[in-house]
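Listed below, chain by chain, are the residues.
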Amino acid sequence: MIMQNPVLLIAVPLLLAFLIPVFSSFFKGAVRFIPVLAGGFNVIATALLISRASGSVTVTEIGGWASAYGISLLFSSQIGYVILAVNLTALLAIFYYTLNERDLGSPLAYPIAFTLALSGANGMIMTGDLFNLFVFMEMTAIAGYIIAVHKKGYLGTFRFVVLSSVGSALFLMATAALYNATGFLNMTLAGKSLGALAAPFISIISVLFIMALSSEAELLPLNGWVAPVYKESSGAGSVFFASVFSGAALFAVIKVMLIVFGNNYAYVHQGLLVLGLVTLAAGEAAAFKQSNLKKMVAYSSIAQSGLIIAAVAAAMRSGVLHNGLFSAALFQLINNILAKALVLLGIALLGLATLKEIGGAGTRKKWLGVFISAGVLSLIGMPGFAGFWSKLFLVRELVGSGMFVFTLVFLLAALFEAYYYLRFLQSLFLGKSTTAASLPKTSWVTTILLFVLAALIILIGFAPDVIIRAISGLSLGGVL
Amino acid sequence: MGHEWLSLWSFLYGPLAIFLVGLYGLLTQKNLIKMAISINIMDYGVNLFIISLGYVPSAEAPIYTEAVKTYLPVFADPLPQALVLTAIVISVAVTAFILALTIKIHSQYGTTDLTKLGEMEL
C-alpha cells in the first residue's frame, strides 16, 4: 500500500511547499491552510508507519536503485518515534504561527519556509545517503534562515548563515573524501569499507563530519548563532529551532556516528564524548547567567544537545553499542523536543522577554502558567514528568557502566539547570512585574496547543515504560 | 617527478589552499560583503577539490555517444561532477540570501561594518 512508503513524509510537504506560490494567485485564502495540511499529514502518516513498522530497520530504495548507487531511506518503529516527536512539535508550531503570527512578515514566504523545513527535517532523519543528507541539511538551513528573519533579527541570522555555510563546506569536503576513499555515498556501505583505511584519515574525516553537523545540532564549535537567533526569532520560529531543527540534526549526527563510524574507533567516540561534555558544561554555565528568557532556553538547548551526544558517544565507546545507555539518550532527545517546544510556546504567548518583566505573569494567566511549569519541571527532571525518567535512566546506565566523571558532570549540570529554571518559575509565580503592559489575549485554541504538549509530557511521566520499550533496541534492528 | 608534484598541487593542495584563503577572509574581514565573497571563495575551493577527485588521466567526458559502440573509452567519474552541480546551485541560493540580508542590515543600521554593528547591537 502506498502509505507504507516513508518517502511521503518528505515528498508531500515538499510538493505542498511549491504549490503555495501557485495557490496564492488563485485562492489567496487557502495558503494559510497548506502548512497545517502538510504537518497534519505527516503526523498521521508517521503514526500509520509506526503501527506497521517492526523493530528492525527497513531500507526503502528510492526509484528502485540499489543502495550502492541510489538513495535509500531508513525507517523503523524507533526512528518513527523521533519523527513523530519532531513532526508533532512542528505541527503545533505551525498552528501557533497560523493563529498568532501570520501578520508578522510576508504571508507567502513563511508558510513556504515552514513547510520546506518540515520536509528537510524528515529527510535528515531518514536518509541513508551522505550526499542526500547534505542536500536536506542545506534545505533545512535555508528554510531556517528565512524563519530566523521573521522578526527582523538580521544580525543573528547573518551569523547563522556564515557558520552554517562553513559547516556545509566542511561536510561536502568530508563526503567527497569519503567517497573517493571508499567508493560509496551510502552510509552503511561506506562504513563497512572504512576499516581498510588509515586511522589518521578516519579521524580527520570524522572531525570534519562532526564540525559540519555541529552548526545545526547546536554543538560546539559552530553554535555561536544559537542565542542571538533564538532571542530575535518569532514564537513559532524558536520552536522550529529548538525542537524541529536541533532534533533532526542531532539524530543525523547520531546516525552518521553509528552507521559510518560505528565500528571500533575508540578515538572518534572518545573525542565526541569530550566535545559533548564540554558543550554541556559551557551551555549550562552560559544559561545560568542569562536574564533574557529565550537566550536562557537557547543555552540550555545547547547544553542538552551536548548531553545527548555525549551519552551516545559513551554508549558506542566500547565498540559494542550499549543498548541501555543509547535508549536513554534517545528518550532524553524525545523529552527534550517536547518540553522545549512547550516552554518556548508559553514564553511566546506571554510576550515578555526577561526574567524581571515576567514577574507574576503566571498568576495572571493561570492555565498558561500551569502548562509552562509542566514543561520546565520536565526539563529539570521532576518526578511525575517525562524528563525525570530519561534522566534517571541516564544516571542508572552511566553508573552501571562505570562512567563516574560523566555522571558527575551530568549531575552538576542538572543542578545548575534546576537552579536557573526554578528561578524562572519563582519569577513567573511570585515575582512582581516591572512593566505595566497588559498581557496579550490568548485564545482558547492556542491554549489547547500547550495543553496537548503538557498532557503528553505528563502521560509519558506516568507511563515511561511504553516509550522506553518502544525506542529501546534501535541498535539491535540491523542497519542502525 | 616534476609532473607528480604538479598534479598533487593542482588536485589536492591547490583547492585546499583556495578553501583556506576563503576561511582566512571569513575570519579576518569586517565588511559583510567581503565576508560573502570569502564564503564564495571557500565554496570554490571545495568544488574544485571534489571535481579533481573525479579526475581520471586522459579520460573522456562521461557521455554515452555513438562512438562508444566502436571502442570502449575511459570515462571520468561522473558522480563528483553531479555533486558539484548541486553544490553550486545551493551556494548561489545562499549567496543571494546573504546579499539580500546585507541590504536589509545596511538599510536598518546604515553600515556594513561588523565592528560598528557589534557596538550598535550591544
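Parameters at a glance
- Residues numbered from 1 in each chain as written.
- Chains lettered and ligands numbered in written order.
- Predicted model: local features only at pLDDT ≥ 70, side-chain atom pairs only at ≥ 80, totals over all residues.
- Heavy atoms only, no water.
- Helix = DSSP H or I, 4+ residues; strand = E, 2+ residues; numbered from the N terminus.
- Rg over C-alpha atoms; globule rule 2.2 N^0.38 Å.
- Buried < 20%, exposed > 50% of the residue type's maximum accessible area, 1.4 Å probe, protein only.
- Contact = heavy atoms within 4.5 Å.
- Lys, Arg positive; Asp, Glu negative; His and termini not counted.
- Charge placed at Lys NZ, Arg CZ, Asp CG, Glu CD.
- Expected span 1.5 Å × (residues − 1).
- 1 Å grid on protein atoms, 1.4 Å probe; cavity = no way out; pocket = protein on both sides within 12 Å on 5 of 7 lines; lining within 4 Å.
- Points joined across faces, edges and corners; volume = space filled by probe spheres on them.
- Nonpolar A, V, L, I, M, F, W, Y, C, P; charged D, E, K, R; others polar.
- Salt bridge = Lys/Arg side-chain N within 4 Å of Asp/Glu carboxyl O.
- Buried area = accessible area lost by both parts, 1.4 Å probe.
- pLDDT = per-residue confidence, 0-100.
- Core = buried A, V, L, I, M, F, W, Y, C linked by side-chain atoms within 4.5 Å.
- Phe/Tyr/Trp six-rings, centres within 6.5 Å; stacked < 30°, edge-to-face > 60°.
- Patch = residues over 30% accessible without salt bridge, like charges linked within 9 Å, V, L, I, M, F, W, Y side chains within 5 Å.
- Areas by Shrake-Rupley, 256 points an atom, 1.4 Å probe, with all protein chains shown as cover.

*Asks:* What am I meant to see in the overall build of chain B here?
*Replies:* Looking only at helices and strands, chain B features four helices and zero strands. In sequence order, chain B lays out its α and β elements as α-α-α-α. Relative to its length of 122 residues, chain B is extended, with a C-alpha radius of gyration of 20 Å against a globular reference of 14 Å. Seen along its three principal axes, the alpha-carbon backbone of chain B occupies a region of about 70 × 35 × 15 Å. Counting the 122 residues in chain B, one finds 34% classified as buried. Long-range pairs, those at least 24 residues apart, make up 46% of the contacts in chain B between residues at least 6 apart in sequence. In chain B, which carries 5 positive and 8 negative side-chain charges, the distance between the mean positions of the two groups comes to 13 Å.

*Asks:* Sorry if this is basic, but what is going on with the environment of A:Leu170 here?
*Replies:* Mapped onto the elements, A:Leu170 comes out in helix H6 (residues 154-182). Beyond its immediate sequence surroundings of up to four residues, A:Leu170 is in contact with A:Leu208, A:Met211, A:Ala212 and B:Phe19.

*Asks:* Explanation requested: helix H3 (residues 77-100) of chain A in the structure shown.
*Replies:* In an α-helix, one turn spans 3.6 residues, which is why side chains three or four residues apart end up on the same side. Taking 1.5 Å of rise per residue, 24 residues should cover 34 Å, and H3(A) covers 34 Å from first to last C-alpha, within 8% of that figure. In terms of burial, H3(A) is largely enclosed, as 19 of its 24 residues are buried.

*Asks:* Is there a simple way to explain empty space enclosed by the protein in this structure?
*Replies:* Empty space among the atoms becomes visible once a probe the size of a water molecule is rolled across them. The final tally for this structure, using the stated rule, is three cavities of 30 Å³ or more. Around the largest cavity, the lining comprises 15 residues; the ones closest to its centre are A:Ser168, B:Asp43, B:Ala87, B:Ile90 and B:Ser91. Along the lines of polarity and charge, the residues of the lining of the largest cavity split into eight nonpolar, five polar and two charged. If you add up the space inside the second largest cavity, you get close to 60 Å³.

*Asks:* So what exactly am I meant to see when it comes to the pattern of salt bridges here?
*Replies:* Between side chains of opposite charge, a pair can form as their charged atoms come close. All names here are of chain A. Here the structure, examined in full by the defined rule, presents two salt bridges over all chains. Measuring nitrogen to oxygen at the nearest pair gives 2.8 Å for the salt bridge that ties Lys 391 to Glu 417. Within this pair, whereas Lys 391 is found in helix H16 (residues 386-400), its partner Glu 417 is found in helix H17 (residues 404-430), the two being separated by 26 residues in sequence. Neither Lys 391 nor Glu 417 differs from the other in exposure class; each is buried. With a closest N to O distance of 3.2 Å, Glu 397 and Arg 396 form a salt bridge.

*Asks:* How should the interface of chain A and chain B be read in this particular structure?
*Replies:* The figure often quoted for interface size is the accessible area lost as the parts come together. At the junction of the two partners, chain A supplies 27 residues and chain B supplies 33 residues. The contact between chain A and chain B buries some 2,600 Å² in all, and 85% of this surface belongs to carbon and sulfur atoms. Looking only at chain A, the three residues that lose the most surface to chain B are A:Tyr154, A:Leu155 and A:Phe158, adding up to 27% of its buried area. Put simply, chain A and chain B have zero salt bridges between them. No other element matches the 16 residues that H6(A) contributes to the side of chain A that touches chain B. Looking at side-chain class alone, the side of chain A that touches chain B contains 21 nonpolar, three polar and three charged residues.

*Asks:* Sorry if this is basic, but what is going on with the confidence of the model for chain B here?
*Replies:* Predicted coordinates in regions of low pLDDT should not be interpreted in detail. Looking at chain B, pLDDT values average 87 and 94% of them are 70 or higher. For this predicted complex, the interface score ipTM comes out at 0.91, while the overall pTM is 0.93.

*Asks:* Is there a simple way to explain the nonpolar core in this structure?
*Replies:* Taken as a class, soluble globular proteins show a tendency for nonpolar side chains to be buried jointly. Judged by nonpolar contacts, the single largest core of 209 residues is most densely connected at A:Phe240, A:Phe261, A:Phe406 and A:Phe424. For this core, the element with the most residues is helix H13 (residues 323-350) of chain A, which contributes 20 residues.

*Asks:* Can you help me understand the packing of aromatic side chains in this one?
*Replies:* Within a pair of aromatic rings, the relevant descriptors are the distance that separates the centres and the angle that separates the planes. Residues and elements named next belong to chain A. Tallied over the entire structure, the rule returns 24 aromatic pairs over all chains. The interplanar angle of 40 degrees and the centroid separation of 5.2 Å between the aromatic rings of Phe 288 and Tyr 419 together place this pair among those described as tilted. Taken together, the residues span a long stretch of sequence, with Phe 288 in helix H11 (residues 266-289) and Tyr 419 in helix H17 at a distance of 131 residues. Since its relative accessible area comes to 29%, Phe 288 is described here as partly exposed.

*Asks:* Quick question: what am I supposed to make of the confidence of the model for chain A here?
*Replies:* Residues and elements named next belong to chain A. Per-chain confidence: chain A averages 89 in pLDDT, with 97% of residues scoring 70 or above. Summarising per-element confidence for chain A, the mean pLDDT is lowest in helix H19 (residues 464-471) (77) and highest in helix H4 (residues 109-126) (95). Taken as a whole, residues 475-480 scores under 50 in pLDDT and shows 19 contacts with residues more than four places along the chain or in a different chain.

*Asks:* Where do I start with the side chain of B:Asn40 in this structure?
*Replies:* Residues and elements named next belong to chain B. Among the structural elements, Asn 40 can be located in helix H2 (residues 32-53). Among the residues examined, Asn 40 registers a relative accessible area of 15% and is labelled buried. Every residue in contact with Asn 40, bar those within four places of it in the chain, is listed here: Ser 91 and Thr 95.

*Asks:* What am I meant to see in the layout of surface pockets here?
*Replies:* Of the voids in this model, the largest pocket is the one considered here, and its volume is about 770 Å³. Looking at the lining of the largest pocket, the elements with two or more residues in it are H6, helix H9 (226-232) and helix H12 (293-316) of chain A together with helix H1 (2-28) and helix H4 (114-121) of chain B. Ranked by residues supplied to the lining of the largest pocket, first place goes to H6(A) with seven residues. Of the residues in the lining of the largest pocket, the class split is 18 nonpolar, five polar and six charged.

*Asks:* What should I look at first to understand unusual backbone geometry in this one?
*Replies:* One can expect most non-glycine residues to show negative phi and most peptide bonds to be in trans. Residues and elements named next belong to chain A. Leu 220 connects to Pro 221 through a cis peptide bond whose omega is 5 degrees. Inspection of the secondary structure assignment puts Pro 221 in the loop between helix H8 (199-217) and H9. Its identity as a non-glycine residue notwithstanding, Lys 152 has a phi of 60 degrees, on the positive side. You can see Lys 152 is positioned in the loop between helix H5 (130-148) and H6. Judged by relative accessible area, Lys 152 falls into the partly exposed class, the value being 49%. Even without being glycine, Glu 218 reaches a positive phi, approximately 65 degrees. With respect to the secondary-structure elements, Glu 218 resides in the loop between H8 and H9. On the basis of relative accessible area, Glu 218 is assigned to the buried category, the value being 0%.

*Asks:* How should a nonpolar patch on the surface be read in this particular structure?
*Replies:* All names here are of chain A. There is a patch of nonpolar side chains on the surface, built from Phe 95, Leu 99, Trp 444, Val 445, Ile 448, Phe 451 and Val 452 and spanning about 640 Å² of accessible area. When contributions to the nonpolar patch are tallied by element, the ones reaching two or more residues are H3 and helix H18 (444-462). With five residues, H18 is the single largest residue contributor to the nonpolar patch. Along the chain, the position of Leu 99 falls in helix H3. Relative accessible area serves as the criterion here: at 40%, Leu 99 is assigned to the partly exposed category.

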